[in-house]
Amino acid sequence: MASQRTSFLVLQYFPFFLLIHSSCGRDIEREMTVEVKAGTEECFYETIKGGETLDVEYQVIDGGRGELDIDFYLAGSTGEVVVQDLRRSEGNHRTTITEEGDYRICWDNSFSHFSTKTVFFGITIESDDDDDLWDDGLEETITAEEIYEMKIEDIKEAMGRIRGHLTKSRFMQDQLRAYEARDRNVAENNNAKVTSWSLINITVMVVTGLIQVILLRSLFDDKSRLHSLWKKGAPSTFS
Amino acid sequence: MCGVVEGLYFHIGETERKCFIEEIPDETMVTGNYKLQLHDPRTGGFMPSSPGLGMHVEIKDPDEKVLLSRVYSSEGRFTFTSHTPGEHVICLYSNSTKWFAGSQLRVHFDLQVGEHAIDYASMAQKEKLTELQLRVRQLLDQVEQITKEQNYQRYREERFRQTSESTNQRVLLWSVGQVGILLAMGFWQMRHLKTFFEAKKLRIFVTFTALVQSSPDRVRVD
């Protein structure tokens, strides 16, 4: 009985230390939103080891008054371009990196002269050895306490599955959020466009109406300043 | 949650500002780790550490109110918790006092939001959680974040719908207004010109404008 208790305690704390160590594993996931001003490019660098998989997915969520597109390229440490997208509004690239080095991930907005683009991107680096918090070496402790451990193992498995599903849900949520942000920005830009064009139209109509009346009056009004211009244009008709 | 400061980096000028946008629900924690390196002209690379430099971190909430505006040392971390849902802007720039572009700076940056921002290793140590308890806690945090994001999604969708309806209304208003303005313009022009031509005693035009305004008693035949 006592041995059971002690080995149970060992089980409790032994993986704990593994946990501290393996939480520094290399499955990196980043999501950021940046603004790329017109005529510029924004570059980010990532240090990647050989054998790791780089997954970049991006979406243009705001294009100001312009289109929702941008140039994208992924370049290696020597400067050679690995992947390139031209004038795309969203993209997803997954490459397995063979050469170790600092890889450059760039979004280029130089083709646009006025619109600032907002890009939402996610970078995921998966290493071959899945050294994640969830896959730590719990298997080594299964040898002791068979029945108890089997039950714990089932619970842990179920929790692992839940974790996987929840991570997927979070990922989908972020994706949907990016799409919604994009659509909302388009709607807001449309609203702004409708307002500004309406005002311009009113001004143009009123000004045109006034000019029409002024011109017509000047045709027949001897006192008007423009009358002399008309006279010069058609000297025989008026006198 | 450790050792990731050496991951993503980018270059900025000494006087340049780089901003990141984070759209987050309320009561969400955001943590940023950064490291600043100054360009070393002697080697052409970057100095491993630059203690003299500082990083100015400025965080604005969706209402353009400044949440955090502090100068930190060249390597460090900052944390903030959002109180209103929406687009928060996190800006980084060095506290260099130069007036025009100085040398290049390399900024290592890592931004984590919500449940990714929580340091489980230290939490486990502090609260003395067993491994099972820690995993359950992680799942709980994840689910909580999902719920927060869903609520925020509902709020965003409402705003989106309001914008669309407002646009719709404005388009309709403008179409009707446009017709109204044109008609009013036309009437005013005709009336104005009629009085003008009457004053000028130009019969033909008086007739024309009278006809248009359908007042046949003014028609004179000479």
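Residues numbered from 1 in each chain as written. Chains lettered and ligands numbered in written order. Predicted model: local features only at pLDDT ≥ 70, side-chain atom pairs only at ≥ 80, totals over all residues. Heavy atoms only, no water.

Where an unreviewed UniProt entry is consulted, chain B appears under the name Transmembrane emp24 domain-containing protein eca, with the organism given as Chionoecetes opilio. Chain B has a UniProt comment under Subcellular location (unreviewed entry) that states "Membrane". Comment text from UniProt for chain B, heading Sequence similarities (unreviewed entry), reads "Belongs to the EMP24/GP25L family." (UniProt positions renumbered as here; feature names shortened; annotations may be inferred.)

Per an unreviewed UniProt entry, chain A goes by the name Transmembrane emp24 domain-containing protein 1 and belongs to Chionoecetes opilio.

*Asks:* I keep staring at the UniProt feature "coiled-coil region" (unreviewed entry) in chain B and nothing clicks. Help me out?
*Replies:* As recorded in UniProt, the feature "coiled-coil region" (unreviewed entry) lies at residues 122–149 of chain B. As a span, residues 122–149 of chain B carries 89% helix and 0% strand, and end to end its C-alpha atoms are 26 Å apart. (Helix = DSSP H or I, 4+ residues; strand = E, 2+ residues; numbered from the N terminus.)

*Asks:* How should I be thinking about the UniProt feature "transmembrane region" (unreviewed entry) in chain A in this particular structure?
*Replies:* In the UniProt entry, the feature "transmembrane region" (unreviewed entry) is given for residues 197–220 of chain A. Helix makes up 100% of residues 197–220 of chain A and strand 0%, and the two end C-alpha atoms of the span are 35 Å apart.

*Asks:* Is there a simple way to think about the state of the cysteines in this case?
*Replies:* Two cysteines whose sulfur atoms are joined by a covalent bond form what is called a disulfide. In total, this model carries 2 disulfides over all chains according to the counting rule given. Here Cys-43 of chain A pairs with Cys-106 of chain A through a disulfide, and the sulfurs are 1.9 Å apart. Where Cys-43 of chain A bonds to Cys-106 of chain A through sulfur, the torsion about that S-S bond is close to 115°, and the disulfide is right-handed. Of this pair, Cys-43 of chain A sits in strand 2 (residues 41–48) while Cys-106 of chain A sits in strand 7 (residues 101–108); the two residues are 63 residues apart in sequence, bridging distant segments of the chain. Accessibility expressed as a relative area gives 11% for Cys-43 of chain A, which makes it buried. Bridging Cys-19 of chain B to Cys-91 of chain B, the disulfide has an S-S length of 2.0 Å. Taking the torsion about the sulfur-sulfur bond, which here is approximately 100°, the covalent link between Cys-19 of chain B and Cys-91 of chain B counts as right-handed. Of this pair, Cys-19 of chain B sits in strand 2 (residues 18–24) while Cys-91 of chain B sits in strand 7 (residues 86–94), and the two are 72 residues apart along the sequence. (Disulfide = S-S within 2.5 Å. Buried < 20%, exposed > 50% of the residue type's maximum accessible area, 1.4 Å probe, protein only.)

*Asks:* Would you explain the packing of helix 1 (residues 120–127) of chain B against helix 2 (residues 131–199) of chain B in this entry?
*Replies:* How two helices pack is summed up by the angle between their axes together with the distance between the axes. All names here are of chain B. Between helix 1 and helix 2, the shortest axis-to-axis distance is 11 Å and the interhelical angle comes to 125°. Here helix 2 runs oblique to helix 1, going by the angle between their axes. Handedness of the helix 1/helix 2 crossing: right-handed. For the pair helix 1 and helix 2, the contacting residues are Tyr-120, Met-123, Ala-124 and Glu-127 in the first and Leu-134, Arg-137, Gln-138 and Asp-141 in the second. Counted by class, the contact of helix 1 with helix 2 contains 4 nonpolar, 1 polar and 3 charged residues. (Axes fitted to C-alpha atoms, helices over the stretch in contact; angles between N-to-C directions. Parallel < 35°, antiparallel > 145°, perpendicular 65-115°, else oblique. Left-handed = near helix turned anticlockwise from the far one by under 90°. Contact = heavy atoms within 4.5 Å. Nonpolar A, V, L, I, M, F, W, Y, C, P; charged D, E, K, R; others polar.)

*Asks:* Is there a simple way to explain the pairing of strand 8 (residues 104–113) of chain B in this structure?
*Replies:* On a regular strand, each side chain points to the face opposite its neighbour's, so the side chains alternate between the two faces of the sheet. All names here are of chain B. Burial of strand 8 is extensive: 9 of the 10 residues sit out of reach of the surface. Note: strand 1 (residues 9–13) against strand 8, 5 bridges, orientation antiparallel. Across the sheet, the residue bridging to Ile-12 is Leu-105, located in strand 8. Strand direction decides the pairing type here: strand 3 (residues 29–38) and strand 8, joined by 9 bridges, are antiparallel. Residue Leu-36 lies in a different strand from strand 8, and its bridge partner there is Val-107. (Pairing = 2+ DSSP bridges.)

*Asks:* Looking at this model, I keep getting lost on the interface of chain B and chain A. Mind explaining?
*Replies:* Put simply, an interface is often sized by how much accessible area is lost when its parts join up. Across the contact, 64 residues belong to chain B and 65 residues belong to chain A. For the pairing of chain B and chain A, the buried interface totals around 6000 Å² over both sides, and the portion due to carbon and sulfur atoms is 62%. On the chain B side of the contact with chain A, Leu-8, Glu-131 and Arg-135 of chain B bury the most area, a combined 11% of that side's loss. Taken together, chain B and chain A are joined by 9 salt bridges. The interface formed by chain B and chain A includes 18 residue pairs in polar contact (both at pLDDT 80 or more). Contributing elements (two or more residues each) for the side of chain B that touches chain A: strand 1, strand 2, strand 8, helix 1 and helix 2 of chain B. (Buried area = accessible area lost by both parts, 1.4 Å probe. Salt bridge = Lys/Arg side-chain N within 4 Å of Asp/Glu carboxyl O. Polar contact = N/O pair within 3.5 Å; in protein donor to acceptor, adjacent residues only side chain to side chain.)

*Asks:* Would you explain the confidence of the model for chain A in this entry?
*Replies:* The predicted coordinates ought not to be read in detail in places where the model reports low pLDDT. All names here are of chain A. When the pLDDT values of chain A are averaged, the result is 79; 79% of them are 70 or greater. By mean pLDDT, helix 1 (residues 2–22) is the weakest element of chain A at 40, and strand 4 (residues 70–75) is the strongest at 93. Per-residue pLDDT stays below 50 along residues 1–25; that stretch engages in 31 contacts with residues further than four places along the chain or on separate chains. (pLDDT = per-residue confidence, 0-100.)

*Asks:* I keep staring at the side chain of Glu-46 of chain A and nothing clicks. Help me out?
*Replies:* Here Glu-46 of chain A is to be found in strand 2. Classification of Glu-46 of chain A as buried rests on a relative accessible area of 0%. With sequence-adjacent residues up to four places away left out, Glu-46 of chain A is seen in contact with Arg-30, Gly-101, Asp-102, Tyr-103, Ile-105, Ile-123 and Ile-125 of chain A together with Gly-7 and Leu-8 of chain B.

*Asks:* Would you mind going over the pattern of salt bridges with me for this structure?
*Replies:* If the charged atoms of two oppositely charged side chains come close together, the side chains can form a pair. Counted under the stated rule, the structure contains 28 salt bridges over all chains. One salt bridge in this structure joins Arg-159 of chain B and Glu-188 of chain A, with 2.7 Å as the shortest N-O distance. Of this pair, Arg-159 of chain B sits in helix 2 while Glu-188 of chain A sits in helix 2 (residues 146–220), on two different chains. Lys-148 of chain B serves as the salt-bridge partner of Glu-144 of chain B, at 4.0 Å between the closest nitrogen and oxygen. Here Glu-144 of chain B and its partner Lys-148 of chain B are both found in helix 2, 4 residues apart, which amounts to about one turn of the helix. Given a relative accessible area of 19%, Lys-148 of chain B falls into the buried group. Linked by salt bridges that have partners in common, Arg-170, Asp-174 and Arg-177 of chain A together with Glu-115 and Glu-149 of chain B make up one network.

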